[in-house]
Amino acid sequence: MSETAKVENLWGNLPVEDVRTPHVILREQASILTKATDGLLVGKVIKEKFKNIQLPSSGLIGHLKTSVSQETQDKYSFISRLEITVPSINNYSISIVQIDYPLKMYPLRIRSSITDEYQYKECQTESEFNERLAKILSSADVKRIIAGLLTEIRADAKQDIEVDRES
């Protein structure tokens with residue numbers, strides 16, 4: 001018997017979890033927007049590569065207590081942005097929200113790309129993330145943007161109809 005035939009699995013049972021990542025939650029909301037506007041506005045989510053973000057440290061003592069692997073895991077995050085794209089206006093796009101999250105998913109950071117705040121807020125759980133995301137997506141600022149984009153689409157369509165009648 002060869003050496004390779006004796007190799008045993010030292011990994012044990014690998015976890016197979018069916019969890020909704022923060023990126024998936026944004027994609028779900030993007031899809032809802034697209035369906036709700038019959039494709040006039042298209043929700044789009046862009047995931048960027050890992051990025052080293054600076055998380056606030058809890059001082060030297062907290063830093064010494066943190067293991068190197070945990071510290072590294074917390075610093076490297078995925079970045080996802082939810083944008084609204086308007087196909088009929090040369091694919092005009094506006095960013096609505098951005099999240100940064102580590103491999104373990106939470107805590108994550110979320111910020112609105114259109115409000116006056118522009119500050120990240122930390123979410124410890126999926127539930128907290130959903131609450132903050134709902135607050136941003138249903139905000140007066142986002143509703144004004146959606147209304148403005150839909151008005152612009154209708155104005156362009158109306159102008160096209162008038163031009164066709166004159167021809």
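Cut-offs and rules
Residues numbered from 1 in each chain as written. Predicted model: local features only at pLDDT ≥ 70, side-chain atom pairs only at ≥ 80, totals over all residues. Heavy atoms only, no water. Helix = DSSP H or I, 4+ residues; strand = E, 2+ residues; numbered from the N terminus. Contact = heavy atoms within 4.5 Å. Buried < 20%, exposed > 50% of the residue type's maximum accessible area, 1.4 Å probe, protein only. Pairing = 2+ DSSP bridges. Phe/Tyr/Trp six-rings, centres within 6.5 Å; stacked < 30°, edge-to-face > 60°. Lys NZ or Arg CZ within 6 Å of the ring centre and 35° of its normal.

### Some remarks on the environment of I146
Item 1. With respect to the helices, strands and loops of the structure, I146 is situated in helix α5 (residues 140–166).
Item 2. Between the C-alpha atom of I146 and that of L41, which follows or precedes it by 105 residues, the distance is 8.2 Å.
Item 3. In contact with I146, other than residues within four places in its own chain, are L33, L41 and I84.

### As for the pairing of strand β4 (residues 108–112)
Item 1. A large share of β4 lies buried, amounting to 5 of its 5 residues.
Item 2. On β4, burial covers both faces: L108, I110 and S112 on one face and R109 and R111 on the other are all buried.
Item 3. Inspection of the sheet shows strand β3 (residues 92–102) paired to β4 by 4 bridges, in the antiparallel sense. Note that in β4 the partner of V97 across the bridge is S112.
Item 4. Between β3 and β4, which pair antiparallel and follow one another directly, the connecting turn spans 5 residues, one of which, M105, has a positive phi of 80°.
Item 5. Across 3 bridges, β4 lies against strand β5 (residues 121–123) in antiparallel orientation. Residue I110 lies in a different strand from β5, and its bridge partner there is K121.

### Concerning the packing of aromatic side chains
Item 1. Summed over all chains, the structure comprises 1 aromatic pair.
Item 2. A centroid spacing of 5.4 Å and a plane angle of 40° characterise the contact between F78 and Y101, whose relative ring orientation is tilted. In this pair, F78 is assigned in strand β2 (residues 76–86) and Y101 in strand β3, connecting sequence segments 23 residues apart.
Item 3. With a relative accessible area of 2%, Y101 lands in the buried category.
Item 4. Sitting over the ring of F78, K47 keeps its end group 4.8 Å from the ring centre.
Item 5. The ring of Y120 carries R109 above its face, with NZ or CZ at 3.9 Å from the centroid.

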